[in-house]
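Letter by letter, the chains look like this.
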Amino acid sequence: WGLMLVLSVAIYGSHAPLLTLCKVDGMIPFSSTSVVVLVELTKLMFSLLFLLTWNRELLGVAVSWRHVAPFALSALLYAANNNLVVHMQLFMDPSTYQVLSNLKIVSTALLYSLFLRQRLSMRKWLALFLLVAAGVSYSCGGLQDPGSPSKMQLHVTLVGLLLISVYCLISGLSAVYTEAILKTQALPLSLQNLFLYFFGVLLNLIGYFWSSAEGGFLEGFSSWVLVIVVSQALNGLIMSVVMKHSSNITRLFVISCSILVNALLSVTLFNLQLTLLFFVAVSCIGLAVHLYYGVT
């Protein structure tokens, strides 16, 4: 468990620096929808490999459509959220998105408490709000480029606020709904993942052709893009294990702790400087972990 969670923290934290390494003249040279399709396809192949290795006897078992159909909605919610992230950038600057997207911690916890009937104590709610505070602190200037002005300018339109609200709602709903399916079905995780990622590949392929992106499917790809695809696929599989055998709350803590890896890589690779807000964020995360897991 510990190794999986540490690996997931490392993958989440390295995602943004890896994207920066992929840039050519300050621009992402590849289609983000192509990367999403490849990530889903890689997860599907890994799931099939796991099924053939450890649950080969299930290949001849008849599975009811009632087991398969729920994963279509789960994949649809994830696909909708991925598209929302792209469209939201038209109505707010990236810094505002980074700050406001931390609200999905609250939406996920609320839906987790309501739909999975997991009552959270006041102490645990305080821990989760500390995670929000950590995310906001880090997004508002935990890292600083020595050559850029320190003052942060935030901009968002009314439509942007509406979209970020829908994004946080769908983000929480997709995660909690998927956790509910994984836990209520008496099927091995490798088979459940096979269903989920089959629909993921299908829906994202439709999205790719619908967007009619210019250029080839693999245009602009580099070795760094391959690292992103494999790492994100591996992280998706780890998160499915977390949701099957732990909870979405654990996932939220993993994402928040990835701030440490993101900061370390950003300082090392891009000569960015840590600010006071970074240490505020780290303190909030440490206190949140203590309140949620360390106090009885």
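None of the values given here were measured: they were computed from a predicted structure. (Residues numbered from 1 in each chain as written. Predicted model: local features only at pLDDT ≥ 70, side-chain atom pairs only at ≥ 80, totals over all residues. Heavy atoms only, no water.)

So, the overall build of the protein
When helices and strands are tallied, the protein shows 12 helices and two strands. Ordered by position from N to C terminus, the α and β elements of the protein give α-α-α-α-α-α-α-β-α-α-α-α-β-α. Against the compact-globule benchmark of 19 Å for 296 residues, the protein has a radius of gyration of 19 Å, which places it among compact chains. Expressed along its principal axes, the backbone C-alpha trace of the protein runs to roughly 60 × 55 × 40 Å. In the protein, which comprises 296 residues, the share counted as buried stands at 43%. (Helix = DSSP H or I, 4+ residues; strand = E, 2+ residues; numbered from the N terminus. Rg over C-alpha atoms; globule rule 2.2 N^0.38 Å. Buried < 20%, exposed > 50% of the residue type's maximum accessible area, 1.4 Å probe, protein only.)

Some words on unusual backbone geometry
Backbone geometry at Asp25 places phi at a positive 55°, although glycine is not the residue there. The residue Asp25 is located in the loop between α1 (2-22) and α2 (32-54) in this model. Take Asp25: its relative accessible area is 77%, and that puts it in the exposed class.

A few points about the pattern of salt bridges
With the rule as written, the count across this model stands at two salt bridges. Notably, a salt bridge pairs Glu40 with Lys43, separated by 2.9 Å at the nearest N-O pair. On the criterion of helical spacing, the pair formed by Glu40 and Lys43 is a turn pair, its members being three residues apart in helix α2. Its relative accessible area of 12% is what places Glu40 among the buried residues. Exposure remark for Lys43: the relative accessible area of 9% places this residue in the buried category. A salt bridge links Lys183 to Glu179, with the nearest nitrogen and oxygen atoms 2.7 Å apart. With Lys183 and Glu179 both in helix α8 (residues 158-184) and four residues apart, this pair spans about one turn of that helix. (Salt bridge = Lys/Arg side-chain N within 4 Å of Asp/Glu carboxyl O.)

Concerning the packing of α2 against helix α9 (residues 189-211)
Contact pair α2 / α9: the axes reach a minimum separation of 8 Å and the direction vectors enclose 160°. Taken together, the axes of α2 and α9 are roughly antiparallel relative to one another. Between α2 and α9 lies a crossing whose hand is left-handed. On the side of α2, the interface is formed by Thr33, Ser34, Val36, Val37, Glu40, Leu41, Lys43, Leu44, Ser47, Leu48, Phe50 and Leu51, while α9 contributes Ser190, Leu191, Asn193, Leu194, Tyr197, Phe198, Gly200, Val201, Asn204, Leu205, Tyr208 and Ser211. Of the residues that constitute the contact of α2 with α9, the class distribution is 14 nonpolar, eight polar and two charged. (Axes fitted to C-alpha atoms, helices over the stretch in contact; angles between N-to-C directions. Parallel < 35°, antiparallel > 145°, perpendicular 65-115°, else oblique. Left-handed = near helix turned anticlockwise from the far one by under 90°. Contact = heavy atoms within 4.5 Å. Nonpolar A, V, L, I, M, F, W, Y, C, P; charged D, E, K, R; others polar.)

Examining the nonpolar core
Ranked by size, the top nonpolar core spans 27 residues in total, and within it Leu120, Leu128, Leu131, Ile249 and Phe253 carry the most contacts. Looking at this core element by element, the count peaks at eight residues for helix α7 (residues 122-139). If sequence neighbours within four positions are ignored, Phe253 has contacts with Ala127, Leu128, Leu131, Ala288, Val289, Tyr292 and Tyr293. The next biggest cluster of nonpolar side chains, apart from the first, holds 18 residues, and it includes Leu44, Phe71, Ile181 and Leu187. (Core = buried A, V, L, I, M, F, W, Y, C linked by side-chain atoms within 4.5 Å.)

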